[in-house]
Every structure is written in C-alpha cells, then in structure tokens.
Amino acid sequence: VMEANIAEEEGGADNKFDTTKQGDRFKDLALGSGAEVTPGATVELRYRVMRSGKRSRDGISGEAQSLYSLGYGEDDDAPGATLVAPLGSGRLVAALDDGLIGMRVGGRRRVQARPERGWKLAPENCVEKTGLANAVNIAGQGLVPLATVDQVEGCIAELQPAPKNFQDRRRLARRFDEALIVETELVSVTGGQPPRAPVVAATDTAAAAPPEVKSAL
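In this text the structure is predicted, and so the values were computed from the model without any measurement.

Draft legend 1. Region of interest: the overall build of the protein. Along its length, the protein carries six helices and eight strands. If you list the helices and strands of the protein from N to C, you get β-β-β-β-β-β-α-β-α-α-α-α-β-α. Residues counted as buried form 41% of the 217 residues belonging to the protein. Within the structure as shown, the protein displays about 11,900 Å² of accessible surface, and the carbon and sulfur contribution to it stands at 52%.

Written out as structure tokens, the structure reads:
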C-alpha cells in the first residue's frame with residue numbers, strides 16, 4: 001500500500017545516526033551477522049524509498065511514507081524480489097554507494113539520500129536533457145505549475161533504486177528534490193575489498209611484565 005506510514009521496528013524512539021565522509025546519514029534498524037559490505041562489492045537488496053515523516057527531527061528516524069518498494073509485494077513486484085548492483089559502478093544513487101559500507105547480510109539500514117546524492121540531475125545535465133533554460137528551477141515543487149510533468153521527470157537521474165511503473169515515477173517526480181530515505185535489507189554480498197583488520201595497539205612488554213618477587217633471605 002503506497003503512501004502508507006512505515007514505522008521503524010527497532011529503536012523507533014532512538015534518534016542516533018551515523019554519517020559517511022560524504023555527509024550521508026545512515027542508521028541501522030537491525031544488525032546483520034553475515035558477510036560485510038566493502039567498497040566495490042556487489043549487493044543484493046530489498047528496499048523501500050520513503051519520504052520522512054513530519055515528526056522526524058533528523059530526516060531519517062521515525063515513521064516515513066513509502067513512495068515505492070521492491071521485494072515486499074507492495075507494488076507490481078513479487079514478494080522476495082531483489083535488486084543486484086555493484087557499488088561504485090554508477091548504477092546506484094551516490095548515497096547508497098557510501099551508505100551501505102559496513103552493513104552485514106541480514107541487516108536492515110536506512111540511508112538518507114539528499115537530492116544531489118540521490119536522483120536529482122546536476123542543473124547543466126537537466127538543461128541538456130529537457131531543453132529548458134530554466135530547468136535548474138523546475139525540479140521538485142519550484143516551477144511545476146509552469147512546466148509539464150514530463151519536463152520535471154526529465155530532471156530525474158536514471159539511477160537505482162528506480163521506479164518500476166508510471167505511478168511510482170510520478171510519486172518520485174513530486175519528491176526527488178527533497179531528502180528521501182532508502183530503507184534497505186541486505187540479502188547477499190559478493191566481491192569487494194577485504195574488510196580491514198582491526199588495529200591492535202602495540203603492547204609495552206616491559207611495562208606489562210609482572211613484578212619480580214624476591215624471596216626473603
């Protein structure tokens with residue numbers, strides 16, 4: 001059911017989140033115990049693309065409205081369907097390329113996709129694609145009354161997670177100019193760089209040695 005509120009199942013009242021080096025917020029709803037996602041890995045996901053609820057203070061926690069999804073039988077997809085894509089290949093929105101690093105199979109994570117890290121084309125690319133000199137302003141709600149819906153959709157980057165049908169695309173066209181949430185469930189991961197080994201601090205053996213005990217004469 002689209003536009004329904006989706007609540008966090010774990011830690012709904014917990015507003016803590018982490019941030020990538022690129023400024024993408026992410027929050028684990030459930031920690032996985034399987035293989036870890038590393039740069040360059042190929043991930044298999046189920047997902048929901050959502051709009052943050054009005055009561056969310058950080059844009060990622062709490063209830064959210066689902067725009068479209070894959071793998072939950074809520075659209076035209078079959079339950080269990082998945083998206084498979086390699087990180088860093090240009091197929092995924094940039095927020096996911098970085099926001100999924102460190103996630104483990106079996107886990108669920110929310111990643112915030114700001115417009116420039118999500119589906120919004122750069123202004124020059126939007127102008128080239130739509131042929132509109134004012135395309136920099138038509139995205140989202142700015143000049144929608146002055147531009148056709150098709151022209152607005154021309155400013156949406158063809159990146160995954162992508163809408164699968166007409167209704168989904170129209171929903172994204174109304175919201176892609178704002179920060180959205182991609183809630184992911186990691187099904188499998190292959191390839192990628194080896195996970196970094198934990199750094200172990202050097203031990204001062206002299207300092208750690210037990211004191212010498214001398215027998216009384």
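Draft legend 2. Structural detail: unusual backbone geometry. Omega for the peptide link from glutamine 160 to proline 161 comes to 0°, which places this bond in the cis form. Secondary-structure assignment places proline 161 in the loop between helix H4 (149-153) and helix H5 (166-175).

Draft legend 3. Highlighting the pairing of strand E7 (residues 108-113). Within E7, six of the six residues are buried, which leaves the element mostly enclosed by the surrounding structure. By the alternation rule, side chains of E7 split into Arg108, Arg110 and Gln112 and Arg109, Val111 and Ala113, which are all buried.

Draft legend 4. Main features of the side chain of aspartate 24. Summarising the element assignment, aspartate 24 is placed in the loop between strand E2 (18-19) and strand E3 (25-30). Within polar-contact distance, the side chain of aspartate 24 engages the side chain of arginine 117 at 2.6 Å. Sequence-distant contacts of aspartate 24, defined by excluding residues within four places in its chain, comprise Asp18, Thr19, Ala94, Ala95, Asp98, Gln112, Arg114 and Arg117.

Draft legend 5. How the structure looks around the pattern of salt bridges. Under the defined criterion, the tally for this structure stands at 17 salt bridges. As a salt-bridge pair, aspartate 168 and arginine 171 come within 2.5 Å of each other at their nearest N and O atoms. Here arginine 171 and aspartate 168 lie together in helix H5, a separation of three residues that amounts to about one turn. There is no split in this pair, since aspartate 168 and arginine 171 are both buried. The shortest N-O distance in the salt bridge between glutamate 178 and arginine 175 comes to 3.7 Å. By relative accessible area, glutamate 178 is classed as partly exposed at 23%. Overlapping salt bridges bring together Asp24, Asp98, Arg114, Glu116 and Arg117 as one network.

Draft legend 6. Quick look at the nonpolar core. Grouped together as the largest cluster of nonpolar side chains are 36 residues, with contacts concentrated most on Val37, Val43, Leu100 and Trp119. Secondary structure elements with two or more residues in this core: strand E4 (42-52), strand E5 (64-70), strand E6 (83-86), helix H1 (94-99), E7, H5 and strand E8 (180-190). Excluding residues within four positions of it along the chain, leucine 100 makes contact with Val37, Val43, Leu45, Leu87, Arg109, Val111 and Thr184.

Procedures and definitions
Residues numbered from 1 in each chain as written. Predicted model: local features only at pLDDT ≥ 70, side-chain atom pairs only at ≥ 80, totals over all residues. Heavy atoms only, no water. Helix = DSSP H or I, 4+ residues; strand = E, 2+ residues; numbered from the N terminus. Buried < 20%, exposed > 50% of the residue type's maximum accessible area, 1.4 Å probe, protein only. Areas by Shrake-Rupley, 256 points an atom, 1.4 Å probe, with all protein chains shown as cover. Polar contact = N/O pair within 3.5 Å; in protein donor to acceptor, adjacent residues only side chain to side chain. Contact = heavy atoms within 4.5 Å. Salt bridge = Lys/Arg side-chain N within 4 Å of Asp/Glu carboxyl O. Core = buried A, V, L, I, M, F, W, Y, C linked by side-chain atoms within 4.5 Å.

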